[in-house]
Amino acid sequence: MKCVWVVPKGQFAPVVLPCDLVQQDDDVQSDAAVITHLKPSPPLPTLQGKSLLISELTDQQIITRRQLIAGTLQLSIGISLKRSEATCNRCGNQDQEQFAMFDCYWCGRNKCLYCRSCIMMGKVTTCTPLVHIPVAEPFPKTRLSWHGLLTDAQKSASKQMVEILQHRTNNELLVWAVCGAGKTEMLFPLIIEAIDQKKTLLIATPRTDVVLELIPRIRQAFPNLRSIALYGGSEERFQSSPLVISTTHQTRRYFQYFDVVIIDEIDAFPYHYDDSLRFAVNKAAKPSAKFYYLSATPPHSLIRKLKTNNQIAMINRRYHGYPLPVPSLKWIGDWRTYVERGKLPPKLTAWMNRQERESDRQLLIFVPSINVSERLESIIARKDIICVHSQHAKRKEIVEAFRHKQYHCLITTTILERGVTFPSVDVFILGAENDVFTIAALVQIAGRAGRSLEDPKGDVLFLHDGTTIAMKQAVKQIKRMNER
Amino acid sequence: MSSCLYCQKAIEEQLSWDTLFRREYRRFCYACSQQMIWINTLHCSRCYRPQADSAVCLDCVRWENSTYWSSKLTRNVSLLSYNEWAQDFVARFKFRGDVVLAKAFEQELKRMYARNFNQHLIVPIPLSEKRMIERGFNQSEVLARCIRTNITDVLVRIIHEEKTSKKLRWQRVAGRSRPFEVTNQKSVMSKNVVLVDDIYTTGATVRKAATVLLEAGATSVSSMTLFRS
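Remember, predicted model here, so these are calculated numbers, not experimental data. Along each chain, residues carry numbers from 1 onward, in the same order as the chain's sequence is written. Both sets of labels track the order of writing: A upward for chains, 1 upward for ligands. In keeping with the model being predicted, local features are shown solely for residues with a pLDDT of at least 70 and side-chain atom pairs are shown and tallied solely at 80 or more, while totals for entire chains, interfaces and linings include all residues. Hydrogens and water molecules were not included; the side-chain quantities draw on all heavy atoms of the structure.

## Structural notes on the overall build of chain B
Broken down by element type, chain B carries 10 helices and 6 strands. Should any heavy atoms of two residues lie within 4.5 Å, those residues are considered in contact. For chain B, long-range pairs separated by at least 24 residues make up 74% of all intrachain contacts whose partners lie at least 6 apart in sequence. Accessible surface is estimated by sampling points in the Shrake-Rupley manner with a 1.4 Å probe; for residues, cover comes only from the protein chains shown. In the structure as shown, chain B presents an accessible area of about 11,900 Å², 51% of it carried by carbon and sulfur atoms. Where helices and strands are cited, they refer to DSSP runs of H or I of at least four residues and of E of at least two residues respectively, numbered from the N terminus.

This is the structure we're talking about:
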């Protein structure tokens, strides 16, 4: 698509219009060019709402001349070039190797650049404008209410969160809560208060599983609030709502829209590592937005940054008041060779048998890789034991079935390390010495056990072939949390 | 350190004699290259369907038994088997539009052309106007330009059909629709033509294109594709 600067008849201010929307009596001010090369450059967008590709617009969202002139719709540059250095304005990519050139038919056989980094969400090219459209916010007419109870620890953290909402200078709060402290419930007073003040909320999390876990709980608590869930393949991406629960990737489709941004599991991969996801969340937030970071294992840099201003809310008791289960370290020898040869490590069999005999709980077994999870499933070959991992086609269904106790045991990779709750489970980690099990991951995994009031205990076993520093540190951290 | 063109993970070079003497650099990481299945051993001698012997496969026999379709296509040659990895590759290359991925097979496509169709006229399968606007590029043309940069426009697609990937075999084979038209008869006259496409599934598309090319005076029509399902 090519664009041009035009002063429409009867207007004074020039606007950028696509060439096919220019009318005869318009005063054309510039040469037609693709939006990246238009001179002078179009202004930075100011419209708060969604930022979409033309291919992402619904049938109701048509780019009209009237809207562009009135400013209720804006076009902005998809890929900017500065001294031949390209930046993708949708995903923030600046790695020049992640841009490629192609013969583009959209703008008449130009050599267009496109961004490879976010191509799985649709193609941004030098000739593709980002369309900024406002979003209608269907706020509920009456004040929300929630009748659940919070513990004293939850209440005080909750109060701190609501206070930040009104605070003049502090825009950030770290909520440092042990696994099973009841983080979701602590958010409810904040949600009620924000919605009451007509503020839009985003709950962003790196994992699809966490989105799927959160959304029914929030809908159940607030049936009057139409909240939406966004993740790859979600059907709700065309809807709008004042409360959006989204994977960090999907927030890229918003532009300066949210007043309140809650980032769950701040330390979880990939948010922790990936600058592009940080870019996505910051882009979706209004410049004045309040940020809440939720974690059981926050990174040190964040603690150091927020400690001085009293911007940390600590909750070191689980909502039911029982201590965190402390993991026991058990050596099981060279388990990998057994698995490679298609055999079950004898010590694992012994531990599994004992668990089944002595405990009424279900069993979660964490393994270091997808490969191991599949091997183990086929070696055990029992109908009530199944594996799940990120590449699994029925991932959603299996986790749901396990929750409904249709399986005794679930073998999983680290995808279920955080954010998911099963009422009564014992937890094994097979190969706890592996590098994927960092301190944070081990603490999180141990935190899957003993989460319900009915069954506040659970056994956690680190089955390993040699202790690591991470394992020892994780146990130390859990014990320290229990002492406070 | 280079990174894999497909999955963007770093390629770990394992130092060997190969590293010293190989002229081409690696474009895919080990994990991705492991998943590609090159068709280089046994396949149907006519359409390159991977199979246990090199006899003419049943599908080709059926095509040749039909009076209408018989001897339209001389033969087909393909590079890779259309497995699960290939499906993801095509989804990303064609439907998402990650055009640069074609470059990964440039050397192999050139080699395949030189070995099988030297001096043939290269004709990419065209897209309809509607599909061009939707995609912004023609995947067959991108592949053809990997072999040779200047390509003459010979064919157009005048009928916009439903995506063949969404049709069943009998729907593809039974139809005798004529979606293609030759625009440049002079350049086709008495030439051996090789059609270029991304996938050969039933061979209906290339045969429909071959029909009009033969009518326009081409001596023979063959096809080469990146994938063979």
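Anyway, onward from the coordinates.
## Some words on the sheet that holds strand 17 (residues 258–264) of chain A
Residue and element names in this part refer to chain A. Taken together, 7 strands build an open sheet; the order of strands is 14-15-13-17-18-12-19 and the sheet is parallel. Only two strands of the sheet have a single partner each, and these edge strands are strand 14 (228–230) and strand 19 (312–315). Strand-to-strand twist across the sheet, computed as the mean angle between neighbouring axes with direction ignored, equals 20°. Where strand 13 (residues 201–205) and strand 17 come together, 4 bridges link them in parallel fashion. One requirement defines pairing of two strands: DSSP has to find at least two bridges between them. Axes, fitted as lines to C-alpha atoms, cover a helix only where it is in contact. Angles between the N-to-C directions of the axes lie from 0 to 180 degrees.

## Quick notes on the interface of chain A and chain B
Each partner contributes residues to the interface: chain A has 16 residues there, and chain B has 19 residues. The term buried area refers to how much accessible surface (probe radius 1.4 Å) is lost by two components on association, counted for both of them together. Between chain A and chain B, a total of about 1,400 Å² is buried, with carbon and sulfur atoms accounting for 45% of that surface. In terms of surface lost to chain B, no three residues of chain A exceed Y105, R116 and M120 of chain A, which account for 43% of the buried area on that side. Put simply, a salt bridge is a Lys or Arg side-chain nitrogen that is within 4 Å of an Asp or Glu carboxyl oxygen. In this structure, the connection of chain A to chain B is made through 1 salt bridge. As a salt-bridge pair, R116 of chain A and D98 of chain B come within 2.9 Å of each other at their nearest N and O atoms. In protein, a polar contact requires one atom able to donate a hydrogen and another able to accept it; more generally it is a pair of N or O atoms within 3.5 Å, and residues adjacent in sequence count only if both atoms are side-chain atoms. There are 10 residue pairs in polar contact (both at pLDDT 80 or more) connecting chain A and chain B.

## Some details on the pairing of strand 13 of chain A
The buried label applies to any residue whose accessible area, calculated with a 1.4 Å probe on protein chains only, is under 20% of its type's maximum; exposed applies above 50%, and partly exposed to all values in between. With 5 of 5 residues buried, strand 13 of chain A lies mostly within the body of the structure. Every second residue of strand 13 of chain A is oriented toward a common face, with L201, I203 and T205 of chain A on one face and L202 and A204 of chain A on the other, all of them buried.

## Some details on unusual backbone geometry
Most peptide bonds adopt trans geometry, and most residues besides glycine take a negative phi value. Residues and elements named next belong to chain A. Residue P40 is reached from K39 by a cis peptide bond, and omega for that bond is -15°. Looking at where P40 falls in the secondary structure, it is placed in the loop between strand 4 (33–34) and strand 5 (49–52). In this structure, R83 is a non-glycine residue whose phi angle is positive, near 45°.

## Let's talk about the domain arrangement of chain A
Residues and elements named next belong to chain A. Segmentation of chain A into domains returns domain 1 (2–134), domain 2 (152–315) and domain 3 (328–483). The C-alpha centroid of domain 3 is placed 28 Å from the C-alpha centroid of domain 2. Counting residues at the interface gives 17 residues for domain 2, matched by 19 residues for domain 3. A combined buried area of about 1,500 Å² lies between domain 2 and domain 3, and 52% of that area is made up of carbon and sulfur atoms. At the junction of domain 2 with domain 3, the criterion picks out 2 salt bridges. R395 is paired through a salt bridge with D209; the nearest N and O atoms lie 2.2 Å apart. Domain boundaries shown here were taken from an automatic or database domain assignment.

## A look at the packing of helix 5 (residues 106–117) of chain B against helix 7 (residues 139–147) of chain B
Residues and elements named next belong to chain B. Remark: helix 5 packs on helix 7, axes separated minimally by 8 Å, with the N-to-C direction vectors making an angle of 75°. When the interaxial angle is binned, helix 5 and helix 7 end up roughly perpendicular. Taken together, the residues of helix 7 that come into contact with helix 5 (itself represented by E106, L109, K110 and Y113) are L143, C146 and I147. By the definition adopted for this analysis, an angle is roughly parallel if under 35 degrees, roughly antiparallel if over 145, roughly perpendicular if from 65 to 115, and oblique otherwise.

## Some details on the packing of helix 3 (residues 183–196) of chain A against helix 4 (residues 208–221) of chain A
All names here are of chain A. Closest axis-to-axis distance for the helix 3/helix 4 pair is 11 Å, and the angle between their directions is 45°. What the angle tells us is that helix 3 and helix 4 run oblique. The handedness of the crossing between helix 3 and helix 4 comes out as right-handed. Across the interface between the two elements, T184, E185 and F188 of helix 3 pack against L214, R217, I218 and A221 of helix 4. Residues are grouped as follows: Ala, Val, Leu, Ile, Met, Phe, Trp, Tyr, Cys and Pro are nonpolar; Asp, Glu, Lys and Arg are charged; all remaining types, including Gly, are polar. Of the residues that constitute the contact of helix 3 with helix 4, the class distribution is 4 nonpolar, 1 polar and 2 charged. Helix crossings get a hand from a simple test, with the near helix turned counterclockwise from the far one by less than a right angle marking a left-handed crossing and a clockwise turn marking a right-handed one.

## A short note on the sheet that holds strand 6 (residues 74–77) of chain A
Residue and element names in this part refer to chain A. Taken together, the 4 strands give an open sheet; going across it, the order is 6-11-5-16, and neighbouring strands pair in antiparallel fashion. Edge positions in the sheet fall to strand 6 and strand 16 (254–255), since each has one partner strand and no second. Strand direction decides the pairing type here: strand 6 and strand 11 (residues 129–134), joined by 4 bridges, are antiparallel. Bridge pairing in strand 11 links L75 to V131.

## Some details on the state of the cysteines
By convention in this document, the label disulfide applies to cysteine sulfur atom pairs within 2.5 Å. Taken as a whole and judged by the stated rule, the model has 0 disulfides over all chains. Unpaired in terms of disulfides, C88 of chain A finds its nearest cysteine sulfur in C91 of chain A, a separation of 3.7 Å. Accessibility expressed as a relative area gives 0% for C88 of chain A, which makes it buried. We note that C7 of chain B lacks a disulfide partner, and the nearest cysteine sulfur, in C29 of chain B, lies 3.5 Å from it.

## Here's the deal with the pattern of salt bridges
Residues and elements named next belong to chain A. Tallied over the full model, the rule gives 33 salt bridges over all chains. Residue E356 pairs with R382 through a salt bridge whose shortest N-O separation is 2.9 Å. With E356 in helix 8 (residues 346–358) and R382 in the loop between helix 9 (370–380) and strand 22 (385–388), the pair connects residues that are 26 residues apart, well separated along the chain. Judged by its relative accessible area of 36%, E356 falls in the partly exposed class.

## Regarding a nonpolar patch on the surface
All names here are of chain A. Without a salt bridge and with relative accessible area above 30%, a residue can belong to a patch; like charges are then joined within 9 Å and nonpolar side chains (Val, Leu, Ile, Met, Phe, Trp, Tyr) within 5 Å. Among the surface-exposed residues, Y319, Y322 and L453 lie close enough to one another that they form a single nonpolar patch of about 290 Å² accessible area. As for its position among the elements, Y322 is in the loop between strand 19 and strand 20 (328–331). The class for Y322 is partly exposed, based on a relative accessible area of 38%.

## Regarding the packing of aromatic side chains
Centres within 6.5 Å are what make two rings of Phe, Tyr or Trp a pair, Trp counting through its six-membered ring; a difference in plane orientation under 30 degrees is then read as stacked, over 60 as edge-to-face, and the rest as tilted. The tally for this structure, following the rule as stated, stands at 22 aromatic pairs over all chains. Their ring planes at 90° and their centres at 5.9 Å tell us that F28 of chain B and W85 of chain B sit as a pair that is edge-to-face. Taken together, the residues F28 of chain B in the loop between helix 1 (17–21) and helix 2 (30–35) and W85 of chain B in helix 4 (residues 84–95) connect sequence positions 57 residues apart. When its relative accessible area of 5% is taken as the criterion, W85 of chain B is described as buried. Aromatic side chains F28 of chain B and F105 of chain B sit 5.7 Å apart centroid to centroid with 40° between the ring planes, which places their arrangement in the tilted category. Of this pair, F28 of chain B sits in the loop between helix 1 and helix 2 while F105 of chain B sits in the loop between helix 4 and helix 5, and the two are 77 residues apart along the sequence. A network of ring pairs unites the aromatic residues F102 and Y114 of chain A together with Y6, F28, W38, Y82, W85, F89, F93, F105, F137 and F227 of chain B as a single cluster. A cation over a ring is seen here: K123 of chain A above F102 of chain A, with NZ or CZ 3.7 Å from the ring centre. Charge over a ring is defined by NZ of Lys or CZ of Arg lying within 6 Å of the ring centre and within 35 degrees of the ring normal.

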